[in-house]
Each structure stands twice: as C-alpha cells, then as structure tokens.
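Chains, contacts and geometry: an overview
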Amino acid sequence: MIHTDIAEILCVKPKTEKRTKTMEEDVKKKKNKKTMKIEGEVVVMKKNLLDFKDAMASFLDRVHELLGRRVSLHLVSSLQPDPANEKRGRLGKAAHLEKWVTKIKTSVTAEETAFAVTFDWDESMGPPAAFVIKNHHHSQFYLKSLTLRNFPGGEGGPIHFVCNSWIYPSHRYRSDRVFFSNKAYLPNETPELLKELRKEELKNLRDNEKGGELKEWDRVYDYAYYNDLGAPDKGPDSARPVLGGSPDFPYPRRGKTGRKPTKSDPKSESRLALLNLNIYVPRDERFSHVKFSDFLAYALKSVTQVLVPEIASVCDKTINEFDSFEDVFHLYDGSIKLANGHTISKLRDVIPWEMFRELVRNDGERFLKFPLPDVLKESRSAWRTDEEFAREMLAGLNPVEFPPKSNLDSTRYGNQHSSIREEHIKPHMNGLSVKEALGQNKLYILDHHDALMPYLTRINSTNTKTYATRTLLLLQEDGTLKPLAIELSLPHAQGESHGSVSKIFTPSEKGVDGTIWQLAKAYAAVNDSGYHQLISHWLQTHAVIEPFIIASNRQLSVVHPIYKLLHPHFR
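Residues numbered from 1 in each chain as written. Predicted model: local features only at pLDDT ≥ 70, side-chain atom pairs only at ≥ 80, totals over all residues. Heavy atoms only, no water.

1. A word on the environment of Lys37
In plain terms, the rule: A run of DSSP states H or I qualifies as a helix once it reaches four residues; a run of E qualifies as a strand once it reaches two. Both are numbered from the N-terminal end. Partly exposed residues are those whose accessible area sits between 20% and 50% of the maximum for their type, while under 20% is buried and over 50% is exposed, using a 1.4 Å probe and protein chains only. Only heavy atoms enter the contact rule, under which two residues are in contact if any of them lie within 4.5 Å.
By secondary structure assignment, the location of Lys37 is in strand β1 (residues 35–46). A relative accessible area of 60% means that Lys37 is categorised as exposed. Sequence-wise, Lys37 and Phe151 are 114 residues apart; in three dimensions their C-alpha atoms are separated by 9.6 Å. Not counting the four nearest positions on each side in its chain, Lys37 is found in contact with Thr118, Phe119 and Asp120.

Right, dumping it as structure tokens:
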C-alpha cells in the first residue's frame, strides 16, 4: 500500500506482475538461445597495377590489419528483423578474415587468395540471405565469393554468395556493401526482410543525386550523350557534333562520367589527356587485369608501328602513306624473331606482367610486331586472290536488286544509282544471265555506297583518300563467292547535287588491268573493314547494348532472375 502511494505521488507506475513475467521470459529466451559456429571461405584478389600487386598497398593493408582495422563481415538474417529497423534482417556478429598478414603472399603476380572466416550465429535467425562487408584497410580488393559450409537446419549443403566485385575502403561509400545469396527472386517473391536492402542497393547504383566527376569507387550507372567526341576548346576544326538527344541524332547513349563541360561549348564534355586511360566506368565493368594487359600490349605494338617509321621518315616525302606492299608487310616483318620452344617458355613463366608476356611470345613471333595473319602464312600473295577477297566480304553481303539503287535523297545528292550493267558482269557469270542468277539467289552485293558518299568530300580533303564502293559477287556451285565487278564512286566535281561519277572495274589478273583490279579490291576491302568497325561493331553492337546494360543495373536487382540471365552476356 505504501509502495503504491509513493508511486502515485511521484507519478510513476509501480512494477507490475506482467513486467516481471516479461523479464522472466527474456531470461528464459537467452537460456534457450543457441549460438553456433559457421565456417566459411572468402576468396579475394588484392589490388594490382596491371597484374602486379601494388606492393605499397599490401604493406599498408598489413599495417591496418595489425592496428585492428580489419575486413569485417556481418551475416543478415532472413527471419529476424533488426531491432533498429524492423524492415531489415537482423545483423549477426562481426566476423573477420583470418590470417590476412600471413595469407597474402609476397609474390608480385596478382592471384586469388582464400581466407577462412568464422561466424557466431544465432540458430533462431535462420539461414542468412545476405551479408554486409566493410573494408577498413587502406586499399581495395576484389571480392570473388563467400561460401558457408554445411549450414545446419537448411538444405544441408553450402550457401554460396557470388560477388565478383571490387570492395573499396568503407569511407569511400555512403552505405554498406551488401551481397545476396546466390538465389533468384522476383520482386514480389523477395523475402520481406530483404526488400529494403534490395531497394537501397538499386538506389546506390542509380545515385541520381551524385554531382561532379565520378570516381573509380563510385558504382553509378547513369546515361549521357556522346558529347565528348571532339575538343571544341582547340578550335572549330576539333569540334564534333553531339550524338544523342537531338532530332538529327536522337541516339545512342553512353555511361555517364560527370566530367566538366568544355569552356567554348557547355553541351560538350571535356576529354582526358591523350594517354590517360582513367575513363570512368563502374569498377566492376572494367577489363580484368589480364585483359587490360593484353590490350596495352597491342597498343604498345601499335605505337611502335607509328613512332619508328616517323623517326625513320625524316627524309621520306610520303610519311603518311604506304609506298609499296613491302611497307605493309613491315608491320609483321623485321625486328627480333623470338625463339619458340622450351627456352622461351621458361622465360615467359618468370615474367609477371601479362603485358610483357604478350610482347615476349613463345610461338615464333617477332618482338613488337603484330602476328602474321593466317592468310599470309601460306603465301604472301594469297590475300590478293579473288577467292580470298570474296571470303572476307561474306559477313556483310545481302541479296541484290539489279542494277543496284541508292536510297540517298536525290534532291540533295542527285542520281546515286549504280552504273553497273549486265554487259559488265556477263563474262564472269559462269554462263548465267542476271535474271537467272537473281531467280536462284546467286547474285549478292556488298554495298558501301550510301554510307560513305555524304562524307567523301570531307574525307578526301584530308591526307586520306577513298571512294564509295559497290561490289557484286556470284555464289558458285561449290558454295564460294567470286567478285564480278567493283564500282568506285566520287561526288560530281560540280557539287553533290549533280550526283556521282562512277567507274566500273572487273576481274583481271595480268598487266595494268590486273594491278588496277587489285587496287579496286583494296578500296572495297578498306571500306568494308571501316564500316564493320564503326557501324557493325561499335554502333550496332556496343552502342546498342550499352543503354540496356545501364538500364538493367538501374532497374533490375542482382537477385532478379532476368538480371542473372543477362549479366554474363553484358560482361
């Protein structure tokens, strides 16, 4: 009674029997709580320069490790909510990568290292559906996977987390790095305690609020126009149009980099220095160290093909031209012929950089020279045959209407229809008429006329010279193609609106006509190669798929089944 009166005076409710009962239940729960040890394996690869490990980074990471600034992991419960945020799964106790200082080897080559990790886990929290990782080291590392072995109470097998991501020091991120178990969920099937984590991860990848230039640790997927093709600050001749976002050029899109606009044109983005390869791409999308080393090796070979002739060409009046076919062959010939066999293989085994391994090949290639194309290995003149010319054209061929017609605007470009007639190709038709060949689907065309004609005046005003080309080919009984005629066209001397001026060339093997035929094939082949690289390869492949990659990362969680199907193809 006295206790109750004092409580009323102090406006404090007395401890009731119910409160005592709750405390007893909590104590009982703690007694019944089962904590178990979960053993796991984490596979990582340290930061590297090309495929060398960064020695200073490794040293500083060891210092951080000894000072207690370690790499920590928290498993996320799929059953128990977090007391601080009931929309998320509860975090387990922190576990750390074990024996970092002794596990990271001192070898200079970048390689994967497997670390043991042991989690203290409350069995009532159920199987973990995700984990959070925090890197308190000095530098980044590549996280390949986490595997939890024989998790009890689940399906009995290991639980896999496929990560394949670079983990930067935690201060670089505004939120924790989260990885989900290797299961696929549609949004409405996602476990309730994972939904908010899933949404937050997508928000981080979109990061619409991020301003300024994106850095290598940013994980932002956003859209931009191709507005960095030119350098308008260097003058009008260096300016280029913006591709994307205008009525004339509505597409394509590229990944956002956030670089500053140019001073003379705010719609154009500034470019990096010529030899600066630090173009922002989300870190996980960049070349692997082996691929990048291979890329640099071929770039180095290309540079030597420019610098060495430039130095040697002080007295050469045609330094921007091949004076003969021997100049072309010099791309593959000369220099030091590297030995093949056991000795050079041993040498390559002790070379750490993939880039230098590519330069010091063990297949008999020459130092700093491109490998000889297969077609030239059998005969230096094999590429000049009509059969090889037709074989290389195969990928771009289409059935033809005869004579070929142009789709260019005649009010602007005049008559651009082909001048090829049946009398030009009849001697090479194997006895078929044009009508018979068309009826049997044996007449094909490689048409690079309309794609090039609008640009020829500008191209030919430089040191580069070319023609618009049409190549007619016949499908033979043995399944091979043979060229029938090549049409080379230029804009009319009185202006584009007057149409084109064309010349027709047909197969010949000897004398002046044979040499001219070789040159006509060279122009057609160069156009085909250029069209393939710029249109087929870049525009219709890379530029088409890049917006889908950006959209998928912005809209589809990594646990979405469609994302899991698409991602390997995006790589």
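2. Examining empty space enclosed by the protein
Our working rule: Think of a 1 Å grid over the protein atoms and nothing else: a 1.4 Å probe that fits but is trapped marks a cavity, an open set flanked by protein within 12 Å on at least five of seven lines marks a pocket, and residues with an atom within 4 Å of a point count as lining. Grid points are joined across faces, edges and corners, and a volume is the space filled by probe spheres set on the points. Note that Gly is not counted as nonpolar here; it falls among the polar residues with everything else outside the nonpolar set of Ala, Val, Leu, Ile, Met, Phe, Trp, Tyr, Cys and Pro and the charged set of Asp, Glu, Lys and Arg.
Evaluated as defined, the whole model comprises 2 cavities of 30 Å³ or more. Its volume calculated, the largest cavity comes out at about 40 Å³. Sorting elements by how many residues they give to the lining of the largest cavity places helix α5 (residues 195–206) first, with 4 residues. Along the lines of polarity and charge, the residues of the lining of the largest cavity split into 2 nonpolar, 1 polar and 3 charged. One number sums up the size of the second largest cavity: a volume of about 30 Å³. Taken together, Tyr226, Asn227, Asp228, Leu229, Gly230, Pro232, Arg240, Pro241, Val242 and Ser268 make up the full set of residues lining the second largest cavity. Of the residues contributing to the lining of the second largest cavity, the split by class is 5 nonpolar, 3 polar and 2 charged.

3. Observations regarding the packing of aromatic side chains
Heads up, the condition is: Two aromatic rings, drawn from Phe, Tyr or Trp (for Trp, its six-membered ring), form a pair once their centres lie within 6.5 Å of each other, and the interplanar angle then sorts them: stacked below 30 degrees, edge-to-face above 60, tilted otherwise. Whether a charge lies above a ring is judged from NZ of Lys or CZ of Arg, which has to be within 6 Å of the ring centre and within 35 degrees of the ring normal.
Here the structure, examined in full by the defined rule, presents 8 aromatic pairs. An aromatic cluster is built from Trp100, Phe115 and Phe141, whose rings are joined through pairwise contacts. Directly above the aromatic system of Trp217 lies the positively charged group of Arg172, at a separation of 3.8 Å from the ring centroid. For the cation-ring pair, Arg283 lies above Trp166, with the distance from its terminal atom to the ring centre recorded as 4.2 Å.

4. Remarks on the nonpolar core
Let me state the cut-off plainly: Within this scheme, the nonpolar core is defined by two criteria: the residues are buried Ala, Val, Leu, Ile, Met, Phe, Trp, Tyr or Cys, and they are joined through side-chain atoms within 4.5 Å.
In this structure, Leu73, Phe131, Ile133, Leu143 and Leu146 are the most contacted members of the largest nonpolar core, which totals 28 residues. Breaking this core down by element, the ones donating at least two residues are β1, β4 (71–82), β7 (112–122), β8 (128–135), β9 (141–148) and β10 (159–167). In this view, Leu143 contacts Val42, Val43, Val44, Phe131, Ile133, Cys163, Asn164, Ser165, Ile167 and Phe179; residues no more than four positions away in its chain are not counted. Counting 11 residues, the second largest nonpolar core, distinct from the first, contains Ile420, Leu443, Leu474 and Ala485.

5. Describing the sheet that holds β7
Keep this limit in mind: When DSSP locates at least two bridges between a pair of strands, those strands are taken to pair. Angles run from 0 to 180 degrees between N-to-C directions of axes, and those axes are lines fitted to C-alpha atoms, restricted for helices to the stretch in contact.
Read across the sheet, 4 strands follow the order β7-β1-β9-β10 without closing on themselves; strand pairing throughout is antiparallel. Sheet topology places β7 and β10 at the edges, where each strand pairs with a single neighbour. For this sheet, the mean angle separating the axes of adjacent strands, direction not counted, is 20 degrees.

6. Focus on the side chain of Ser406
Cut-off, in case you're wondering: Definition of a polar contact: a pair of N or O atoms within 3.5 Å, with one able to donate and the other able to accept a hydrogen when the atoms are protein atoms, and with sequence-neighbouring residues admitted only if both atoms are side-chain atoms.
Relative to the elements of secondary structure, Ser406 occurs in the loop between β14 (398–399) and α12 (410–413). Under the relative-accessibility criterion, Ser406 is labelled buried at 10%. A distance of 3.1 Å separates a polar atom in the side chain of Ser406 from the backbone nitrogen of Leu408. A polar contact is formed between the side chain of Ser406 and the side chain of Asp450, at a distance of 2.8 Å. With residues near it in sequence (within four places) discarded, Ser406 still touches Gln416, His417, Asp450 and Arg470.

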